[in-house]
Amino acid sequence: MVSPLKSQEQLKRVGDKFYKEHGVEFIAVDYRSGGGTQDQSRVTKEQQLYRQDYCGCIYGLTMQREQQDKLMDEMFSPICGQTLPASIEERLELYAKRNELEDKSIPYKILKEKFLNYREFNTRLIKGKKEIIPAYALSYSTLPRKRAQGKIEFSHENVHYFNRDEIIFISRSYYNDFFESNYKSIQELIYKPLSFDEEQKLRFHITASHYNLSPIIVVEELIETKLTLHLDSKVYEDTREKLIVL
C-alpha cells in the first residue's frame with residue numbers, strides 16, 4: 001500500500017473481494033498520503049534497515065532482474081554451501097553482525113558498493129570424445145562461448161596454459177600447496193571449497209591481476225591430450241552492502 005507504483009483502488013478492490021470470500025478483513029490504509037513514501041525512505045536510511053527492492057513475489061522479481069540484466073541470485077544457492085557475494089547468506093551474516101554491534105552499543109555504518117558479481121552454473125571437462133574428468137573452476141572463471149576445445153600447449157612453474165580462450169589449468173596438489181590444505185579429491189573440493197575471497201588470492205597469485213576473468217580449472221593432474229571444457233557462468237555489475245565499524 002505504500003508503493004507509488006501500485007494502484008490503491010485496485011488493491012482495495014481485491015482486498016474487499018478476499019474479505020467477502022474468506023472473512024478476513026482487509027484494512028486499506030493510504031500510507032502514501034502526507035509524504036508517507038518519503039518518510040519510509042528517510043527512516044530506512046536513518047535506522048540502516050534492509051529494504052527489499054522488489055514487491056516480494058517471484059513475478060515482480062523476475063521482471064525486475066530481467067530489466068536490470070541481472071540474475072535472480074536471491075532464489076538459489078550453491079550446493080557446496082559457499083557464501084557468495086550479494087547472496088542471501090552474505091546478507092544474513094552482515095545483519096547478524098549488525099545486531100551484535102547494536103547489542104554492544106558499538107557504532108557502525110552500512111554502505112553500498114558497486115562490484116563485479118559472479119555466478120557459476122556448470123563446469124564439465126571432457127578428455128578425448130567422451131571421458132568426463134573431474135574439474136573445479138575457480139570463481140570468476142568465464143568462458144564467453146561456454147565451450148572451448150584444444151590442448152595444453154605451455155607450462156610454467158606448474159601452471160599450464162591452454163591453446164584456446166586463455167584457459168589455465170592447475171593440479172589439485174598445486175591448489176593444496178598454495179593454501180596448505182589437504183583436499184584428497186576434486187570432488188571434495190567441489191563440495192567443500194574454501195571461501196570466495198580466499199580463492200581470489202590464488203587467482204591473483206597466478207595472474208597478478210585483480211581483473212582477470214580467465215578460466216582457472218583445477219584437475220587431478222596434467223592432461224596432455226585433447227580436452228573440451230564446458231563452462232556456463234555469468235559476470236555482471238551488481239551492488240552489495242558493506243558494514244563498517246566506526
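Numbering of residues begins from 1 in every chain and follows the order in which that chain's sequence is written. At least 70 in pLDDT is required for a residue's local features to be given in this predicted model, at least 80 for side-chain atom pairs to be given and counted, and no such filter applies to totals for whole chains, interfaces and linings, which use all residues. The basis for every side-chain value is the complete set of heavy atoms in the structure, and neither hydrogens nor water enter the calculation.

(A) Expanded view of the overall build of the protein. We count a stretch as a helix when DSSP gives it H or I for four or more residues in a row; a strand needs E for two or more, and each element gets its number in order from the N terminus. From N to C terminus, the protein includes 7 helices and 9 strands. In this treatment the radius of gyration is a C-alpha quantity, and the globule benchmark scales as 2.2 Å times the residue count to the 0.38 power. The C-alpha radius of gyration of the protein comes to 24 Å, more than 25% above the 18 Å expected for a compact globule of 246 residues. Considered along the principal axes of its C-alpha atoms, the protein spans approximately 70 × 45 × 30 Å. Working definition: with a 1.4 Å probe on protein chains only, accessible area under 20% of the residue-type maximum means buried, over 50% means exposed, and in between means partly exposed. Going through the 246 residues of the protein one by one, you find that 36% of them count as buried. Contacts in the protein between residues at least 24 apart in sequence constitute 69% of all its contacts with a sequence separation of at least 6. Residue exposure ignores everything except the shown protein chains as possible cover, and the areas themselves are Shrake-Rupley values with a 1.4 Å probe. As displayed, the protein has an accessible area near 15,800 Å², and 52% of this comes from carbon and sulfur atoms. When charges are counted, Lys and Arg contribute as positive and Asp and Glu as negative, whereas His and the chain ends are disregarded. Working definition for charges: the position is that of NZ of Lys, CZ of Arg, CG of Asp or CD of Glu. Positive and negative charge centroids in the protein, built from 37 and 38 side chains respectively, lie 4 Å apart. Residues count as neighbours in contact if any of their non-hydrogen atoms are within 4.5 Å of one another.

(B) The arrangement of the side chain of Asp73 in detail. For Asp73, the position within the fold is in the loop between helix H3 (58–68) and helix H4 (88–103). A polar contact is formed between the side chain of Asp73 and the side chain of Tyr236, at a distance of 2.8 Å. Sequence-distant contacts of Asp73, defined by excluding residues within four places in its chain, comprise Ala86, Asn117, Arg119, Tyr236 and Asp238. Any pair of nitrogen or oxygen atoms within 3.5 Å is treated as a polar contact; in protein, a donor-acceptor pairing is required on top of that, and neighbouring residues in sequence qualify only through side-chain atoms on both sides.

(C) A look at the packing of aromatic side chains. Classification of ring pairs rests on two measures: the distance between centres of Phe, Tyr or Trp rings, Trp counted by its six-membered ring, which must be within 6.5 Å, and the angle between planes, read as stacked under 30 degrees, edge-to-face over 60 and tilted in between. Applying the stated rule across the entire model yields 7 aromatic pairs. Note on Tyr118 and Tyr140: the rings are 5.4 Å apart at their centroids and 40° apart in plane angle, and the pair reads as tilted. Of this pair, Tyr118 sits in strand S1 (residues 108–127) while Tyr140 sits in the loop between strand S3 (136–137) and strand S4 (147–150), placing them 22 residues apart in sequence. Pair check on accessibility: Tyr118 and Tyr140 agree, each one buried.

(D) Representation of a nonpolar patch on the surface within the structure. Patches were defined on residues exceeding 30% relative accessible area and lacking a salt bridge, with like-charge contacts within 9 Å and nonpolar side-chain contacts (Val, Leu, Ile, Met, Phe, Trp, Tyr) within 5 Å. Counted as salt bridges are all cases of a side-chain nitrogen of Lys or Arg within 4 Å of a carboxyl oxygen of Asp or Glu. A surface patch of nonpolar side chains, about 540 Å² in accessible area, is lined by Ile58, Tyr59, Met75, Phe76 and Phe121. Relative to the helices and strands, Tyr59 is located in helix H3.

(E) Focus on the pairing of strand S8 (residues 216–219). Burial along S8 is two-sided: Ile216 and Val218 facing one way and Ile217 and Val219 facing the other are all buried. At least two DSSP bridges between two strands are required for those strands to pair. As paired strands, S3 and S8 are joined by 2 bridges and run antiparallel to one another. Note on S8: the bridge partner recorded for Tyr136 is Val218. Sheet topology note: the strand S7 (residues 168–171)/S8 ladder contains 4 bridges and is parallel. Looking at the pairing, Ile170 lines up with Val218 of S8.

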